[in-house]
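# Residue-level structural notes
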Amino acid sequence: MDWFVATLKAYPEIAIFLALGIGYWIGGKSFKGFSLGAVTATLLVAIVIGILGVKISPNVKSVFFLMFLFAVGYGVGPQFVRGIAKDGLPQAIFAVIMALFSLGAAAVAAVLAGYDLGSAAGLFAGSQTISASMGLATDAINRLGKSPEEAQALLDAMPIAYAVTYIFGTVGSAIILAQIGPKLLGIDLVAACKEYEQMLGAGSGAEGETQWHDFEVRAYSVAPESPFIGRAVGDIEAGTQDGVRAFVERIRRDGKIIEADRTTLIQAGDIVAIGGKRDQLIARLGPSGREVQDAELLDIKTEGVDIYISNKKVDGKRLEELARWPGARGVFLKRIRRGPTETVIPVLPKTQLFRGDVITVVGRTQDINTTAKEIGYVDRPTTVTDVAFMSLAITVGALIGAAVINVRGIPITLSTAGGALIAGIVFGWFRAIRPTFGRIPEPTLWFMNSVGLNVFIAVVGISAGPGFVAGLQKLGISLFLWGIFATAVPLVLGMFLAKFVFKFHPALILGICAGARTTTAALGMVCEAAKSQVPGLGYTVTYAVGNTLLTIWGMVIIMILA
């Protein structure tokens with residue numbers, strides 16, 4: 001044991017990976033649906049390691065925290081800008097007010113309890129489950145001009161308060177929103193979501209039903225008396241009713257196979273390969289005596305790919321409108337994902353698409369390529385990251401954030417961390433509308449988000465280890481109770497505000513509140529209780545705004561209480 005401790009002290013980089021390894025392992029375990037999560041587990045493991053006397057340079061956490069904050073901004077950029085600038089404005093305003101409630105509740109709790117600045121920042125971060133705010137709080141504390149010993153004492157208090165308040169911050173938020181919320185507001189969540197789905201066109205039979213049916217191609221011979229003889233393919237396809245979408249993909253004529261387009265005319269004796277959803281083809285065209293087996297004709301290359309929406313002409317359009325676009329010919333929508341948490345959006349006729357959404361479609365390769373040119377670009381899997389873009393963007397943001405403006409002797413600054421966050425938002429939004437550069441694949445973004453944050457948390461925990469036990473003994477029970485106050489009050493106020501002031505649809509209220517508080521676990525419980533993905537429609541804009549403001553509030557709460 002002595003050799004092990006001595007090795008960790010001599011090579012502190014080992015301690016970081018030890019904290020990450022054990023933290024991720026413990027954080028991945030769950031008991032009756034409850035899990036500490038990687039962040040809290042890593043923090044607790046790091047504190048234990050820190051008690052052994054391991055010391056790590058603070059520069060390590062700064063590097064990884066900049067990387068993490070840029071990834072956060074990059075992910076929320078499109079939704080943040082859309083929420084501020086367009087139809088998400090009411091939700092964005094609500095998220096701002098909700099963030100102010102969260103800041104106010106934590107500040108009031110800290111003042112009434114008489115906590116120091118470090119404990120106040122930790123109370124805010126844990127009760128609002130916004131780990132990233134501790135980084136900006138750290139920068140703010142370091143700029144207060146206190147002695148190194150005083151500043152370190154405040155920094156050591158922060159993770160103690162965070163660890164104590166985080167558990168209820170996570171579990172309590174989910175319980176308040178998913179279980180208490182519907183009763184408190186008098187909402188029948190299941191019925192409200194069904195009503196909203198009907199508003200979006202559920203049950204109309206149109207393209208975009210929530211249940212996905214596989215794409216299929218079947219071959220049919222054109223009878224001599226067929227009314228389709230002499231008509232153009234585009235004319236025939238446009239004539240389908242009741243939401244049926246079927247497309248003539250290829251034609252065998254006089255023994256030869258020709259690729260069909262909208263201008264191709266149908267002739268007697270043609271054998272046509274028709275693509276569409278299996279159930280619709282069976283209901284409208286077969287099985288019947290006209291169906292034939294033609295392996296060569298049906299040998300059509302199809303694929304399912306993701307398309308990143310970037311065309312402003314698509315922004316805000318409903319699926320039922322887009323289904324009639326010439327560029328949508330032969331392509332069928334399978335899934336919509338939105339925002340940095342990849343929230344699954346219901347696929348219904350009146351569901352709107354926005355820039356930054358990722359849709360999964362299936363169809364012929366040439367049809368998919370045509371569609372992609374109309375609405376965005378094919379987001380095929382890749383492992384290549386535009387590191388030059390990422391690094392220079394972080395540099396620009398950090399340089400801007402490092403600037404200090406003195407107002408009547410008070411230094412005002414975004415800090416390098418705040419600058420990196422803003423840079424991420426700006427460049428993430430710009431990539432959504434100009435997706436020709438700056439690609440950061442999803443696995444890389446996850447690494448920057450998760451590992452970047454947890455390395456920061458590990459260093460914080462290791463540094464705070466020596467004073468943790470004493471601080472916990474001093475503040476433990478009262479801190480936990482004040483954490484409940486700081487978690488519950490903003491959520492309860494927010495739910496009533498959403499219903500009676502903003503008058504959001506009952507199906508969206510709880511998802512909107514979960515997004516404003518950036519609690520994905522609560523959204524999962526809300527969707528489970530609702531038996532629908534509709535609450536997710538209210539999550540993405542408020543998450544983008546809330547995640548940004550709550551992170552910045554780590555610096556603001558120090559400025560206010562100082």
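The rules we used
Residues numbered from 1 in each chain as written. Predicted model: local features only at pLDDT ≥ 70, side-chain atom pairs only at ≥ 80, totals over all residues. Heavy atoms only, no water. Helix = DSSP H or I, 4+ residues; strand = E, 2+ residues; numbered from the N terminus. Buried < 20%, exposed > 50% of the residue type's maximum accessible area, 1.4 Å probe, protein only. Contact = heavy atoms within 4.5 Å. Areas by Shrake-Rupley, 256 points an atom, 1.4 Å probe, with all protein chains shown as cover. UniProt positions renumbered as here; feature names shortened; annotations may be inferred. Domains from an automatic or database assignment. Polar contact = N/O pair within 3.5 Å; in protein donor to acceptor, adjacent residues only side chain to side chain. Axes fitted to C-alpha atoms, helices over the stretch in contact; angles between N-to-C directions. Parallel < 35°, antiparallel > 145°, perpendicular 65-115°, else oblique. Nonpolar A, V, L, I, M, F, W, Y, C, P; charged D, E, K, R; others polar. Patch = residues over 30% accessible without salt bridge, like charges linked within 9 Å, V, L, I, M, F, W, Y side chains within 5 Å. Salt bridge = Lys/Arg side-chain N within 4 Å of Asp/Glu carboxyl O. pLDDT = per-residue confidence, 0-100. Expected span 1.5 Å × (residues − 1). Phe/Tyr/Trp six-rings, centres within 6.5 Å; stacked < 30°, edge-to-face > 60°. Pairing = 2+ DSSP bridges. Left-handed = near helix turned anticlockwise from the far one by under 90°.

## Thoughts on the overall build of the protein
Scanning the protein for helices and strands turns up 19 helices and 12 strands. With the C-alpha coordinates aligned to their principal axes, the bounding extent of the protein is approximately 95 × 50 × 50 Å. Put simply, the protein has 562 residues, and 55% of those count as buried. Considering only intrachain contacts with a sequence separation of at least 6, the fraction spanning at least 24 residues in the protein is 81%. Summed over its atoms, the accessible surface of the protein is roughly 24,400 Å², and 62% of this surface lies on carbon and sulfur atoms.

## Side note on the UniProt feature "domain: RCK C-terminal" (unreviewed entry) in the protein
According to UniProt, the "domain: RCK C-terminal" (unreviewed entry) feature falls on residues 205-291 and 292-377. Split by type, residues 292-377 is 17% helix and 34% strand. Its first and last C-alpha atoms lie 36 Å apart.

## A few points about the domain arrangement of the protein
Interfaces are frequently sized by the accessible area removed from exposure as the parts join. Domain annotation of the protein identifies domain 1 (1-55), domain 2 (224-288) and domain 3 (303-378). In this structure, domain 1 and domain 3 have C-alpha centres spaced 43 Å apart.

## Points about the environment of Val362
Mapped onto the secondary structure, Val362 falls in strand β9 (residues 358-364). In sequence terms Val362 and Lys334 are 28 residues apart; their C-alpha atoms lie 7.2 Å from each other.

## Some points on the environment of Glu249
Within the secondary structure, Glu249 is located in strand β2 (residues 246-253). Distance in space between the C-alpha atoms of Glu249 and Phe332 is 14 Å, their sequence separation being 83 residues. A polar atom in the side chain of Glu249 sits 2.6 Å from the side chain of Arg364.

## Here we look at the packing of helix α9 (residues 189-199) against helix α17 (residues 506-516)
Relative orientation of the contacting elements α9 and α17 amounts to 105 degrees, with a least axis distance of 7 Å. Between α9 and α17, the angle is such that the two are roughly perpendicular. Across from Leu189, Ala192, Cys193 and Tyr196 in α9, the residues of α17 making contact are Pro506, Ala507, Leu508 and Leu510. For the contact of α9 with α17, the per-class residue count stands at 8 nonpolar, no polar and no charged.

## Observations regarding a nonpolar patch on the surface
Side chains of Ile175, Ile180, Leu184, Phe496, Phe500 and Val501 sit close together on the surface and give an oily, nonpolar patch of about 510 Å² of accessible area. Secondary structure elements with two or more residues in the nonpolar patch: α8 (148-185) and α16 (442-501). By the secondary structure assignment, Val501 is in helix α16. You can call Val501 exposed: its relative accessible area is 56%.

## Side note on the confidence of the model for the protein
Summarising the model, the protein shows a mean pLDDT of 85, and 91% of its residues fall at 70 or more. Mean pLDDT values for the elements of the protein range from 58 in helix α11 (residues 278-285) up to 95 in helix α5 (residues 89-113).

## Re helix α3 (residues 37-51)
Taking 1.5 Å as the rise per residue, α3 with 15 residues should run 21 Å; its terminal C-alpha atoms sit 22 Å apart, in good agreement. When we look at burial in α3, the residues that qualify are Val39, Thr40, Ala41, Thr42, Leu43, Val45, Ala46, Ile47, Ile49 and Gly50. Phi for Gly53, located one or two positions after α3, is positive at around 100 degrees.

## Here we look at the packing of aromatic side chains
Within the structure shown, the criterion is met by 16 aromatic pairs. Each ring, one from Phe94 and one from Phe502, has its centre 5.6 Å from the other, and the planes form 85 degrees; the classification is edge-to-face. Taken together, the positions of Phe94 in helix α5 and Phe502 in the loop between α16 and α17 put the pair 408 residues apart, joining distant regions of the chain. Measuring from ring centre to ring centre gives 5.4 Å for Phe502 and Phe504, while their planes differ by 15 degrees; the resulting arrangement is stacked. Of the aromatic side chains, those joined through ring pairs into one cluster are Phe70, Tyr74, Phe389 and Phe427.

## Observations concerning the pairing of β2
Each regular strand displays side chains that alternate between the two surfaces of the sheet. Within β2, 8 of the 8 residues are buried, which leaves the element mostly enclosed by the surrounding structure. By the bridge criterion, 4 bridges tie β2 to strand β3 (residues 256-259) in an arrangement that is antiparallel. Residue pairing in the sheet places Ile251 in a bridge with Ile258 of β3. With antiparallel pairing between neighbouring strands as the criterion, β2 and β3 make up a hairpin whose turn holds 2 residues, including Asp254 at a positive phi of roughly 55 degrees.

## Some words on the packing of helix α7 (residues 133-142) against α8
At a closest axis distance of 10 Å, the pairing of α7 and α8 adopts a crossing angle of 160 degrees. Classified by the angle between their axes, α7 and α8 sit roughly antiparallel to one another. In the packing of α7 onto α8, the handedness of the crossing is right-handed. On α8, the residues that touch Met134, Ala137, Thr138, Ile141 and Asn142 of α7 are Ala151, Leu154, Leu155, Met158 and Tyr162. Grouping the amino acids of the contact of α7 with α8 by side-chain chemistry returns 8 nonpolar, 2 polar and no charged.

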